[in-house]
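One-letter residues, chain by chain:
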Amino acid sequence: MANTGPFYFKLVDPSDKTFDPTRHNGWDFEIFNFRRTLEEGQMPKLELVIKNPLRGLLDPAFNVWAWFSFYDRITHTWYPLFFGRLVGQPKELVGLKITIELIGWPLDY
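Residues numbered from 1 in each chain as written. Predicted model: local features only at pLDDT ≥ 70, side-chain atom pairs only at ≥ 80, totals over all residues. Heavy atoms only, no water.

A.B. asks: Help me get a handle on the overall build of the protein, residues and values and all.
C.D. replies: Along the protein, the regular secondary structure elements total zero helices and six strands. Taking 2.2 N^0.38 as the reference for a compact globule, 109 residues should give roughly 13 Å; the C-alpha atoms of the protein span a radius of gyration of 14 Å, in line with that estimate. C-alpha atoms of the protein, sized along the principal axes, occupy 40 × 35 × 30 Å. Sequence-distant contacts, at least 24 apart, represent 53% of the contacts inside the protein between residues at least 6 apart. (Helix = DSSP H or I, 4+ residues; strand = E, 2+ residues; numbered from the N terminus. Rg over C-alpha atoms; globule rule 2.2 N^0.38 Å. Contact = heavy atoms within 4.5 Å.)

A.B. asks: Explain the packing of aromatic side chains to me, and be specific about the residues and the numbers.
C.D. replies: According to the stated counting rule, one finds twelve aromatic pairs in the structure shown. Measuring from ring centre to ring centre gives 5.7 Å for Phe 9 and Phe 29, while their planes differ by 35 degrees; the resulting arrangement is tilted. With a gap of 20 residues between them, Phe 9 in strand β1 (residues 7-12) and Phe 29 in the loop between β1 and β2 (31-37) connect regions that are remote in the sequence. Each member of the pair Phe 9 and Phe 29 is classed as buried. The interplanar angle of 40 degrees and the centroid separation of 4.8 Å between the aromatic rings of Tyr 71 and Trp 78 together place this pair among those described as tilted. Members of the aromatic cluster, each reached through a chain of ring pairs, are Tyr 8, Phe 19, Trp 65, Trp 67, Tyr 71, Trp 78 and Phe 83. Directly above the aromatic system of Phe 62 lies the positively charged group of Arg 55, at a separation of 3.8 Å from the ring centroid. (Phe/Tyr/Trp six-rings, centres within 6.5 Å; stacked < 30°, edge-to-face > 60°. Buried < 20%, exposed > 50% of the residue type's maximum accessible area, 1.4 Å probe, protein only. Lys NZ or Arg CZ within 6 Å of the ring centre and 35° of its normal.)

A.B. asks: So, the sheet that holds strand β4 (residues 65-72): which residues are in play, and what are the values?
C.D. replies: Backbone-to-backbone hydrogen bonds join strands into a sheet, with any given pair of strands oriented parallel or antiparallel. Taking strand neighbours across the sheet as the criterion, the six strands line up as β1-β4-β5-β6-β3-β2 in an open arrangement whose pairing is antiparallel. Single-partner strands in this sheet number two, and they are β1 and β2. Within the sheet, the average angular offset between the axes of one strand and its neighbour, ignoring direction, is 35 degrees. Bridge analysis of strand β3 (residues 45-51) against strand β6 (residues 97-103) gives seven bridges, and the strand direction is antiparallel. By the bridge assignment for β6, Ile 50 is matched with Ile 98. (Pairing = 2+ DSSP bridges. Axes fitted to C-alpha atoms, helices over the stretch in contact; angles between N-to-C directions.)

A.B. asks: A description of the nonpolar core should follow, citing residues and the corresponding values.
C.D. replies: In this structure, Phe 9, Ile 31, Leu 48, Ile 50, Phe 68, Ile 100 and Leu 102 are the most contacted members of the largest nonpolar core, which totals 22 residues. Counting residues per element, the ones that place at least two in this core are β1, β3, β4, β5 (77-86) and β6. (Core = buried A, V, L, I, M, F, W, Y, C linked by side-chain atoms within 4.5 Å.)

Nothing here speaks to function; it is geometry throughout.
Here's what the structure looks like:
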């Protein structure tokens, strides 16, 4: 899958809690839409509409932590926007697009 940016989503090991643009500039899923929310007293959330990867996303063999970032092509600067953990089953399991949700849990929660 071509890495077209400017938004990037990379599944990582939980130990990758410090953003590194040389390692976290991947594009593990084709993203159609996203929404990042933060409500008072709640954990930050990231909701992504992605192309259905046709595999179980919560499989223990795969990473469930991820970095979501933005690359500004004008200033050549990376901006980490979200680090969190995939939780629960995707919404709308059947179809070409699915909706997944990540929560910005602290690693020691």
